[in-house]
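As a plain string of letters, each chain reads:
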Amino acid sequence: MNKKKLFKLHSWSALVAMIPILVISLTGSIIVFKPEIDAWLMPDSVALTQVAPERQGLDSLIDSIHTQLPGYILGTWEVFDDKQTADAVYVIKQGTFDWFKIYLNPYTGQVLSQPVALDHYLTDWLVELHYTFLLKDAGVFVGLLSAIIMLFLGISGIIIYRQFWKRFFTLRWNKQMRVFFSDFHKMVGITASPVLIILAVTGGYWNLAEFVHEISHTAEEKSFVLQDKRYSDGISFDALNLDAKQRIEGFKLTYLVFPYEPDMNLLFRGWVPTGNALMSDYSSGVSYDPNQGDFIMKWDIRSAGLGAKTLDSFINLHFGTFAGLTSRVLWSVLGGMPLFLSLTGFYLWYGRRVKKNQSKRNRQALSYT
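Small disclaimer: the values here were computed from a predicted structure and weren't measured. (Residues numbered from 1 in each chain as written. Predicted model: local features only at pLDDT ≥ 70, side-chain atom pairs only at ≥ 80, totals over all residues. Heavy atoms only, no water.)

**Q** Just to check I follow, could you spell out the environment of Leu242 for this structure?
**A** Of note, Leu242 is situated in helix H9 (residues 237-247). A relative accessible area of 48% means that Leu242 is categorised as partly exposed. Sequence separation between Leu242 and Leu253 is 11 residues, and the spatial gap between their C-alpha atoms is 9.9 Å. (Helix = DSSP H or I, 4+ residues; strand = E, 2+ residues; numbered from the N terminus. Buried < 20%, exposed > 50% of the residue type's maximum accessible area, 1.4 Å probe, protein only.)

**Q** Even after reading the chapter, I still don't get the pattern of salt bridges, so can you show me in this structure?
**A** Pairing between side chains of opposite charge can happen when the charged atoms of each approach one another. Counted according to the given criterion, the structure contains eight salt bridges. Ionic pairing is found between Asp124 and Lys34, a salt bridge with its closest N-O pair at 3.0 Å. Here Lys34 lies in helix H3 (residues 34-41) and Asp124 lies in helix H5 (residues 122-132), a separation of 90 residues in the sequence. Lys34 shares its class with Asp124; the two are buried. Between Asp243 and Arg247 there is a salt bridge, with its nearest N and O atoms 2.6 Å apart. Placement of the pair is Asp243 and Arg247 together in helix H9, with a separation of four residues, close to one helical turn. Put simply, Lys34, Asp38, Lys101 and Asp124 are held in one network by salt bridges that share partners. (Salt bridge = Lys/Arg side-chain N within 4 Å of Asp/Glu carboxyl O.)

What follows is the structure in structure tokens.
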């Protein structure tokens, strides 16, 4: 494909996906700082004021949740142990498959908030908008297409403007607005493209995985309701957590998954010391039988292959958490660059279209003289 055709395809692809990409980029730039925003907006629920030297045991906390929230069944549990952040626990209303979110003080066992829909809080609503455009399964597919187009725009932009490095830091301020916008568009695009490509690949992969997961479910599976918990009362979660620590050196629990669908196992996911900043807090884990508590399997990211490590790195790469605040700020700024690219790109496209139409009218006028 020659440069002229690639440029035209680049322009039309950007126009087609401009609104979805703007929604994805702007919401993504905000939710990079979701923990800080949540703590600011919901200090009584998210930020802890009463702490103890140690967290309560999992068995004790589970009993506390059941006592305080009768009629709800545990689904997943995001575990924190920094004496500052409440645990986020996701529960399912008994007799339905409707999910709700609560915050829990793991040091006192107190439920800090009432069960609310998963998109109730502002940042959770932004996450839903970012991921599905509030369109559920259809939105997941739209997000996948948007990620593919964004990937194409990033790669094609680098190809089209590959010689721009020669004037990379030059903006022709004294020229026409069209020339300045052209320079600005190229500069911003080349600068942000590596990050936008990473975001497109990682986000697109998750949308693809979710889309495949949804279409593979039968109508019967989609109508499934949870009547009661799907694990034995005799299981000690503290004992299983201790077992996981013994099976995986340095294991620290960060996420607990209960069997909320048929044929699911108990899953303990967590962090292990790797020395690799790209490995996530959920990189390793152990699964257990939910009826007997028997060990089933484990995985340690330190002994995993390149494919598993690459997929695990998607979490830190997508959210920019691999280098602390510095990378998060950088990801937030560069991830929001499609706003400027859309404005300048549309201005340049519209200017070319007006010029082309004017030239056509001039030719038609000359043909009648």
